[in-house]
Amino acid sequence: LPKIREAVNKASEDYNEKYPFARKHKTFLFGNEVIIKLRNDEYMQISGKHHDKRMITEVVELYMHDLTFDSSGLATSYEAFAWKELSIIMDPARRLGEPLIKSCNYSAMALWEAALSEGSFEAAAAAYGIQSEEVEMACRYHDHLLGKSAA
């Protein structure tokens, strides 16, 4: 929270950007640092010990494709992970932003826990009435978060 407060204050005071976390293509996280897009289309780091450093546009823009925005430009959801034709989304309007498998709306955590308790993707999928690939997706996402190779 202190880093978020620092970023909001710096964006407002130094760059005249109000509500930087709610606007399309305005604010991004790189690791643990906050990056903001300025009116001149430059990206600036606004938190941490390297604040006020320009960022490389081509690197920052790689991550913008994972966000969905409404017609007013506010961020509405984030695609946290994709595999095959499946994806995991985070949408604050759905389960308070918990990572969900988009195709079945089950939480990634619930399906990962089901795979552990049932002993296989197939058994967990049968218990939930979904495809085994959806359970495998949840497990791949969990492994991704832990920095492991997929199961």
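Keep in mind that this is a model prediction, so the values were computed, not measured. (Residues numbered from 1 in each chain as written. Predicted model: local features only at pLDDT ≥ 70, side-chain atom pairs only at ≥ 80, totals over all residues. Heavy atoms only, no water.)

Draft legend 1. Looking closely at the overall build of the protein. The secondary structure content of the protein amounts to five helices and eight strands. Counting helices and strands in the order they occur from the N terminus, the protein gives α-β-β-β-β-α-β-β-β-β-α-α-α. For the protein, restricting intrachain contacts to residue pairs at least 6 apart in sequence, the fraction spanning at least 24 positions comes to 31%. Accessible surface, the protein as shown: approximately 9,300 Å² in total, 52% of it carbon and sulfur. (Helix = DSSP H or I, 4+ residues; strand = E, 2+ residues; numbered from the N terminus. Contact = heavy atoms within 4.5 Å. Areas by Shrake-Rupley, 256 points an atom, 1.4 Å probe, with all protein chains shown as cover.)

Draft legend 2. Up close: helix H3 (residues 108–118). Of all the residues in H3, the buried ones are Ala 108, Leu 111, Trp 112, Ala 114 and Ala 115. Taken down its axis, H3 places every buried residue within 160° of arc, on the same side. Residues of H3 that are exposed and point over 90 degrees away from its buried face: Leu 116 and Ser 117. In the stretch just after H3, Gly 119 is the one whose phi turns positive, near 95°. (Buried < 20%, exposed > 50% of the residue type's maximum accessible area, 1.4 Å probe, protein only. Arc of directions from axis to C-beta.)

Draft legend 3. Quick peek at the packing of H3 against helix H4 (residues 121–128). Where H3 meets H4, the axes come as close as 8 Å, and the angle between the chain directions of the two elements is 120°. What the angle tells us is that H3 and H4 run oblique. As for the relative orientation of H3 and H4, their crossing is right-handed in sense. Across the interface between the two elements, Ala 110, Leu 111, Ala 114, Ala 115 and Glu 118 from H3 touch Phe 121, Ala 123, Ala 124, Ala 127 and Tyr 128 from H4. (Axes fitted to C-alpha atoms, helices over the stretch in contact; angles between N-to-C directions. Parallel < 35°, antiparallel > 145°, perpendicular 65-115°, else oblique. Left-handed = near helix turned anticlockwise from the far one by under 90°.)

Draft legend 4. Structural view of the pattern of salt bridges. Throughout the structure, instances matching the rule amount to two salt bridges. Its salt-bridge partner being Lys 10, residue Asp 14 comes within 2.5 Å of it at the nearest N-O pair. Linking Asp 14 with Lys 10, this pair stays in helix H1 (residues 2–15), spanning four residues, or about one helical turn. For Arg 140, the salt bridge is made with Glu 136, and the minimal N-O distance between the two is 3.2 Å. Of the two residues, Arg 140 and Glu 136 both sit in helix H5 (residues 132–146), four residues apart, roughly one turn of that helix. (Salt bridge = Lys/Arg side-chain N within 4 Å of Asp/Glu carboxyl O.)

Draft legend 5. Quick look at H5. Here H5 is 15 residues long and its end C-alpha atoms lie 21 Å apart, about the 21 Å a rise of 1.5 Å per residue gives. When we look at burial in H5, the residues that qualify are Glu 134, Val 135, Glu 136, Met 137, Ala 138, Cys 139, Tyr 141, His 142 and Asp 143. Following H5 by one or two positions, Gly 147 adopts a phi angle in the positive range, close to 75°. (Expected span 1.5 Å × (residues − 1).)

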